[in-house]
Amino acid sequence: MTVRLRTETIVAAASSGSFAPNKERLMQVYFLHLNLAQEHVVDTDGVKLSDLEAAKSEARETIRELAAEYIKMGKPLTLWSIRICDSDDRLLAEVATAEALHEFIAPVFDGPQGLDSHA
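Residues numbered from 1 in each chain as written. Predicted model: local features only at pLDDT ≥ 70, side-chain atom pairs only at ≥ 80, totals over all residues. Heavy atoms only, no water.

### Some remarks on the overall build of the protein
Thought 1: Across its full length, the protein holds four helices and five strands.
Thought 2: Reading the helices (α) and strands (β) of the protein from amino to carboxyl end gives α-α-β-β-β-α-β-β-α.
Thought 3: Long-range contacts, defined here as pairs at least 24 residues apart, represent 50% of the contacts in the protein between residues at least 6 apart.
Thought 4: Within the structure as shown, the protein displays about 9100 Å² of accessible surface, and the carbon and sulfur contribution to it stands at 56%. (Helix = DSSP H or I, 4+ residues; strand = E, 2+ residues; numbered from the N terminus. Contact = heavy atoms within 4.5 Å. Areas by Shrake-Rupley, 256 points an atom, 1.4 Å probe, with all protein chains shown as cover.)

### Looking at the environment of Ile82
Thought 1: Inspection of the secondary structure puts Ile82 in strand S4 (residues 79–85).
Thought 2: Separated by twelve residues in the primary sequence, Ile82 and Glu94 have C-alpha atoms spaced 5.7 Å apart.
Thought 3: In this view, Ile82 contacts Leu32, His33, Leu34, Ala59, Thr62, Ile63, Ala93, Glu94 and Val95; residues no more than four positions away in its chain are not counted.

### Looking at the environment of Asp86
Thought 1: If you trace the backbone, Asp86 turns up in the loop between S4 and strand S5 (91–96).
Thought 2: The residues contacting Asp86, other than those within four sequence positions of it, are Val29, Phe31 and Leu92.
Thought 3: At a separation of 2.8 Å, a polar atom in the side chain of Asp86 contacts the side chain of Arg90. (Polar contact = N/O pair within 3.5 Å; in protein donor to acceptor, adjacent residues only side chain to side chain.)

### Focus: the pairing of S5
Two faces make up the sheet, and in a regular strand the side chains alternate between them.
Thought 1: Strand direction decides the pairing type here: S4 and S5, joined by five bridges, are antiparallel. When the sheet's bridge partners are listed, Arg83 is paired in S5 with Glu94.
Thought 2: Linking S4 to S5, which pair antiparallel, is a turn of five residues; within it Asp89 sits at a positive phi near 65°. (Pairing = 2+ DSSP bridges.)

### Here's the deal with the side chain of Asn35
Thought 1: Residue placement: Asn35 occurs in strand S1 (residues 28–36).
Thought 2: Residues in contact with Asn35, not counting those within four places in the same chain, are His40, Thr78, Leu79, Trp80, Ser81, Arg83 and Glu94.

### Topic: unusual backbone geometry
Thought 1: Here the phi dihedral of Asp89 falls at roughly 65°; this positive angle occurs in a residue that is not glycine.
Thought 2: Turning to its location among the elements, Asp89 is positioned in the loop between S4 and S5.

### Points about the pairing of S4
Thought 1: When you tally the buried positions in S4, you get five out of seven residues, the bulk of the element.
Thought 2: Where S1 meets S4, six bridges bridge the pair, whose relative direction is antiparallel. Residue pairing for S4: His33 is matched across the bridge by Arg83. (Buried < 20%, exposed > 50% of the residue type's maximum accessible area, 1.4 Å probe, protein only.)

### Thoughts on the pattern of salt bridges
Thought 1: As enumerated under the stated definition, the model contains seven salt bridges in all.
Thought 2: With its nearest N and O atoms 3.4 Å apart, the salt bridge here joins Arg64 to Glu103. With Arg64 in helix H3 (residues 52–73) and Glu103 in helix H4 (residues 97–109), this residue pair connects regions lying 39 residues apart in the sequence.
Thought 3: Since its relative accessible area comes to 23%, Arg64 is described here as partly exposed.
Thought 4: What makes Glu103 exposed here is its relative accessible area of 56%. (Salt bridge = Lys/Arg side-chain N within 4 Å of Asp/Glu carboxyl O.)

### Considering the nonpolar core
Thought 1: In terms of nonpolar packing, the biggest core is built from 16 residues, with Ile63, Leu79, Ile82, Ile84 and Val95 touching the most fellow members.
Thought 2: Contributions of two or more residues to this core are made by S1, H3, S4, S5 and H4. (Core = buried A, V, L, I, M, F, W, Y, C linked by side-chain atoms within 4.5 Å.)

Shown next as structure tokens:
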């Protein structure tokens with residue numbers, strides 16, 4: 001049996017959100033575990049995100065925030081990476097601290113560039 005909806009009905013349903021996918025249902029919980037030099041800190045709460053790329057982005061941002069806090073406190077950053085796991089604790093991805101900070105610190109350690117460097 002085929003049911004035809006009038007255009008007005010479809011437009012009204014779409015504008016009210018009844019045809020829109022449930023965003024909450026599409027979100028997944030990702031756990032961002034801290035992999036420190038001497039210990040592992042397990043994320044027991046997790047964070048709801050749309051996909052793995054969003055979880056990687058969240059991990060990079062977390063690493064940058066932690067690095068800034070450690071610098072402010074004058075402490076060495078011992079975070080090696082953030083491991084992204086699903087609710088069954090399966091490893092989905094790992095974001096290395098060096099990767100997350102590379103664009104911020106690599107230019108400093110690459111040395112002067114160009115012909116007029118202070119060689």
